[in-house]
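# Chain and residue survey
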Amino acid sequence: MKRFLNIAVMALLTLLSVSCVLDDESSRSTELLATTLWHSSKEHINIVRDAVEEAIHIAELAKISDADTQAQYLSLYFLDATFSEYDYGYSITKVTNYNTRISWTITTNNCAFGEGEWVIQRSGGSSYELTIHPCTCGKLVAEMKYYNEAQTCNAFIEFTYELTDDGSAQFPGVEASYTGNIEVLDSEESAKSPLHLTIDIKQPLFISEYYGLIGGEVDIECVDELYGSKERISVEIFFDPRRVNIECYGDYWTLYE
């Protein structure tokens with residue numbers, strides 16, 4: 001992956017002569033910067049969200065005693081995978097259309113999901129290590145480390161969830177509320193002067209498995225040591241109609257998604 005904010009950085013270099021300070025607000029539009037930062041951040045929010053949902057579905061899969069129902073559940077959420085139980089927990093393995101292998105190794109520490117520490121390691125494709133454990137506040141904590149080519153990413157999330165059935169799907173879907181932060185380090189262009197992206201959830205993110213992001217607020221900061229820039233945006237997320245309102249350098253942009 002190319003450095004994911006090159007477009008925004010080069011736009012700033014062109015319009016601001018490498019300066020992050022606005023000398024003449026009428027001389028530029030911040031829409032490109034706001035849009036690029038949001039789309040890059042949304043990608044990482046969805047990576048973390050997908051991993052948490054996978055963990056929840058693995059926990060639900062393990063509860064199913066009927067072999068046919070378990071096979072249907074496995075097929076729906078993990079396609080043509082195999083599910084195995086071991087002393088340490090569980091394993092899921094599938095072969096892709098490209099004849100590559102993706103596997104999940106789930107260490108449960110002899111605890112039910114949400115009652116103790118689970119460690120899920122996914123290898124192949126979008127690999128990650130995800131640790132989930134309960135906290136005293138009644139929520140679950142998800143600590144995740146994942147890589148995206150030159151990007152090293154860490155997430156610390158507190159979440160609650162429920163399974164909801166609107167009658168349109170074979171099995172209930174996940175609806176969850178997330179707080180916490182995601183930190184991304186991108187060193188593709190320069191290991192000594194990397195790019196830092198921080199996504200800080202200011203108001204809980206409400207995410208539906210079926211409908212995606214449906215509410216919440218995030219503050220996003222991008223520090224690019226190579227270009228000496230620091231950019232910030234604030235994002236409010238709405239569902240009906242599906243849109244985000246972004247504040248960037250005093251400009252306000254609405255993106256319909």
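All of the points below concern the structure found in this document. From a predicted model like this one, the values you see are computed outputs, not experimental measurements. (Residues numbered from 1 in each chain as written. Predicted model: local features only at pLDDT ≥ 70, side-chain atom pairs only at ≥ 80, totals over all residues. Heavy atoms only, no water.)

## Digging into the packing of aromatic side chains
- All chains considered together, the criterion is met by eleven aromatic pairs.
- Here the aromatic residues Phe83, Tyr90, Phe113, Trp118, Phe159, Tyr161 and Tyr178 are joined through ring pairs into a cluster of three or more. (Phe/Tyr/Trp six-rings, centres within 6.5 Å; stacked < 30°, edge-to-face > 60°.)

## Considering the packing of helix 2 (residues 31–63) against helix 3 (residues 67–78)
- Closest axis-to-axis distance for the helix 2/helix 3 pair is 10 Å, and the angle between their directions is 170 degrees. Here helix 2 lies roughly antiparallel to helix 3, going by the angle between them. On helix 3, the residues touching Glu54, His57, Ile58, Glu60 and Leu61 of helix 2 are Gln70, Tyr73, Leu74, Tyr77 and Phe78.
- Partitioned by chemical class, the residues of the contact of helix 2 with helix 3 number six nonpolar, two polar and two charged. (Axes fitted to C-alpha atoms, helices over the stretch in contact; angles between N-to-C directions. Helix = DSSP H or I, 4+ residues; strand = E, 2+ residues; numbered from the N terminus. Parallel < 35°, antiparallel > 145°, perpendicular 65-115°, else oblique. Contact = heavy atoms within 4.5 Å. Nonpolar A, V, L, I, M, F, W, Y, C, P; charged D, E, K, R; others polar.)

## Notes on the layout of surface pockets
- Computed from the structure, the largest pocket encloses a volume of approximately 210 Å³.
- Lining the largest pocket, in full, are Ile47, Asp50, Ala51, Glu53, Glu54, His57, Tyr77, Phe78, Arg122, Ser126, Tyr128 and Glu209.
- Among the elements that take part in the lining of the largest pocket, helix 2 stands out by supplying six residues, more than any other.
- Here the residues of the lining of the largest pocket sort into five nonpolar, two polar and five charged. (1 Å grid on protein atoms, 1.4 Å probe; cavity = no way out; pocket = protein on both sides within 12 Å on 5 of 7 lines; lining within 4 Å. Points joined across faces, edges and corners; volume = space filled by probe spheres on them.)

## Looking at helix 3
- With twelve residues, helix 3 should cover 16 Å at 1.5 Å per step; its first-to-last C-alpha distance of 16 Å lies within 8% of that length.
- Two or three places before aspartate 68, at the start of helix 3, stands the capping residue aspartate 66, its side-chain oxygen 3.3 Å from that residue's backbone nitrogen.
- Positive phi shows up at leucine 79, right after helix 3, with a value of about 55 degrees. (Expected span 1.5 Å × (residues − 1). Polar contact = N/O pair within 3.5 Å; in protein donor to acceptor, adjacent residues only side chain to side chain.)

## Some words on a negative patch on the surface
- The grouping of Glu162, Asp165, Asp166 and Glu175 at the surface amounts to a negative patch.
- Mapped onto the secondary structure, aspartate 165 falls in the loop between strand 7 (151–164) and strand 8 (173–186). (Patch = residues over 30% accessible without salt bridge, like charges linked within 9 Å, V, L, I, M, F, W, Y side chains within 5 Å. Areas by Shrake-Rupley, 256 points an atom, 1.4 Å probe, with all protein chains shown as cover. Salt bridge = Lys/Arg side-chain N within 4 Å of Asp/Glu carboxyl O. Lys, Arg positive; Asp, Glu negative; His and termini not counted. Charge placed at Lys NZ, Arg CZ, Asp CG, Glu CD.)

## Notes on the pattern of salt bridges
- Overall, the coordinates contain seven salt bridges when judged by the stated rule.
- Ionic pairing is found between glutamate 53 and arginine 49, a salt bridge with its closest N-O pair at 2.8 Å. A residue pair is termed a helical-turn pair when its members lie 3 or 4 positions apart in one helix, as glutamate 53 and arginine 49 do in helix 2 at four residues.
- On the basis of relative accessibility, which here comes to 7%, the residue glutamate 53 falls in the buried class.
- With a shortest N-O distance of 2.8 Å, arginine 232 and glutamate 221 are connected by a salt bridge. One end of the pair, arginine 232, is in strand 11 (residues 229–238); the other, glutamate 221, is in strand 10 (residues 212–224), and eleven residues separate them in sequence.
- A single network of salt bridges, built from pairs that share partners, joins Arg49, Asp50 and Glu53. (Buried < 20%, exposed > 50% of the residue type's maximum accessible area, 1.4 Å probe, protein only.)

## Considering the nonpolar core
- Trp38, Trp104, Phe159, Tyr178, Leu205, Ile220 and Val235 are the most contacted members of the largest nonpolar core, which has 60 residues in total.
- For this core, the leading source of residues is helix 2, giving 13 residues.
- Setting aside chain neighbours within four positions, we find phenylalanine 159 in contact with Val52, Ile56, Ile132, Lys139, Leu140, Val141, Ala142, Ser177 and Tyr178. (Core = buried A, V, L, I, M, F, W, Y, C linked by side-chain atoms within 4.5 Å.)

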